[in-house]
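Listed below, chain by chain, are the residues.
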Amino acid sequence: VDVWELGNERNSQTVNPRGNQLPERYAEVNVEIYKALKRGNPNCTVLSQGIARVDNDWMERYLLSEDEPVCDGLAVHPYAGMNTPETDWWPAYMKTMREKLEEIGHGDKSIWITEFGTSYVKDRTTQQQMGVSHIRVFAHSWAGLADYCMFHEYSSYGSSYTDNEHFFGIVD
């Protein structure tokens, strides 16, 4: 395996209902995982956990809490949430992430958007709007906001058009 992502949205209370996992504790564990993965494949890329939204405070505390490397790059999940794709709020946040990485001495870290998307929920967003949003995200990424970019899911699942976790696929 050439690329590893070390978890999923532990900074989010949606994914981690017991509360936000402290970035310092997460980094402490990641140091050992990082070393083990690099022993197995010195050329692999180790990404942080997928950081929900763009959480610069969590990211900074995570990266600066250990004297040893915790990751080679950052995995980010800049979802639109209940916003429509046209809201287009996230490029400004991604820019602040790049700026923060430079500010704290981690400007060499790559940024990987390992999940993004907008749910096409009834009476709010159409699949066509969602498709346009995907093109926009890739274009912003190619313009330098991220080094790598992947969408959340190819095929939709779910049955509730009012559940924000359903219908993220680009095809039915």
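Below you will find a few notes about this structure.

Reading the values: rules and limits
- Residues numbered from 1 in each chain as written.
- Predicted model: local features only at pLDDT ≥ 70, side-chain atom pairs only at ≥ 80, totals over all residues.
- Heavy atoms only, no water.
- Axes fitted to C-alpha atoms, helices over the stretch in contact; angles between N-to-C directions.
- Helix = DSSP H or I, 4+ residues; strand = E, 2+ residues; numbered from the N terminus.
- Parallel < 35°, antiparallel > 145°, perpendicular 65-115°, else oblique.
- Left-handed = near helix turned anticlockwise from the far one by under 90°.
- Contact = heavy atoms within 4.5 Å.
- Core = buried A, V, L, I, M, F, W, Y, C linked by side-chain atoms within 4.5 Å.
- Buried < 20%, exposed > 50% of the residue type's maximum accessible area, 1.4 Å probe, protein only.
- Pairing = 2+ DSSP bridges.
- Phe/Tyr/Trp six-rings, centres within 6.5 Å; stacked < 30°, edge-to-face > 60°.

Two elements in contact, helix 3 (residues 90-103) and helix 4 (residues 127-145), have axes separated by 11 Å at closest approach and are oriented at 25°. Considering their axes alone, helix 3 and helix 4 lie roughly parallel with respect to each other. Here the hand of the crossing between helix 3 and helix 4 comes out right-handed. Touching Trp90, Pro91, Met94, Lys95 and Arg98 of helix 3 are Val137, His140, Ser141, Gly144 and Leu145, all from helix 4.

Here we take up the nonpolar core. Among the nonpolar cores identified, the biggest contains 31 residues, and Tyr62, Leu63, Leu74 and Met94 are the most heavily contacted of them. Broken down by secondary-structure element, the contributors of at least two residues to this core are helix 1 (23-40), strand 2 (45-52), helix 2 (56-64), strand 3 (73-77), helix 3, strand 4 (110-113) and helix 4. When residues of this core are assigned to their parent elements, the largest contribution, five residues, is made by helix 1. The contact partners of Met94, leaving out residues within four places of it in the chain, are Val54, Val76, Pro78, Ile111, Ile113, Leu145 and Ala146.

Moving on: the pairing of strand 4. Of the two faces of strand 4, both are covered, the one formed by Ser110 and Trp112 as well as the one formed by Ile111 and Ile113. Pairing geometry for strand 3 and strand 4, over four bridges, is parallel. From the neighbouring strand, Ala75 faces strand 4, where its bridge partner is Trp112.

The next point concerns the sheet that holds strand 4. Read across the open sheet, the five strands follow the order 1-2-3-4-5; overall the sheet is parallel. Edge strands, defined here as strands with exactly one partner in the open sheet, are strand 1 (3-5) and strand 5 (148-149).

Okay, the packing of aromatic side chains next. In the structure shown here, the tally under the stated rule is four aromatic pairs. Centre to centre, the rings of Tyr26 and Trp58 are 5.9 Å apart; their planes meet at 55°, and the pair counts as tilted. Linking Tyr26 in helix 1 with Trp58 in helix 2, this pair joins segments that are 32 residues apart in sequence. Considering the side-chain rings of Trp58 and Tyr62, the 5.4 Å spacing of their centres and the 20° angle between planes classify their relative orientation as stacked. Here Tyr62 and Trp58 lie together in helix 2, a separation of four residues that amounts to about one turn. In terms of burial, Trp58 and Tyr62 fall into one category: buried. Members of the aromatic cluster, each reached through a chain of ring pairs, are Tyr26, Trp58 and Tyr62.

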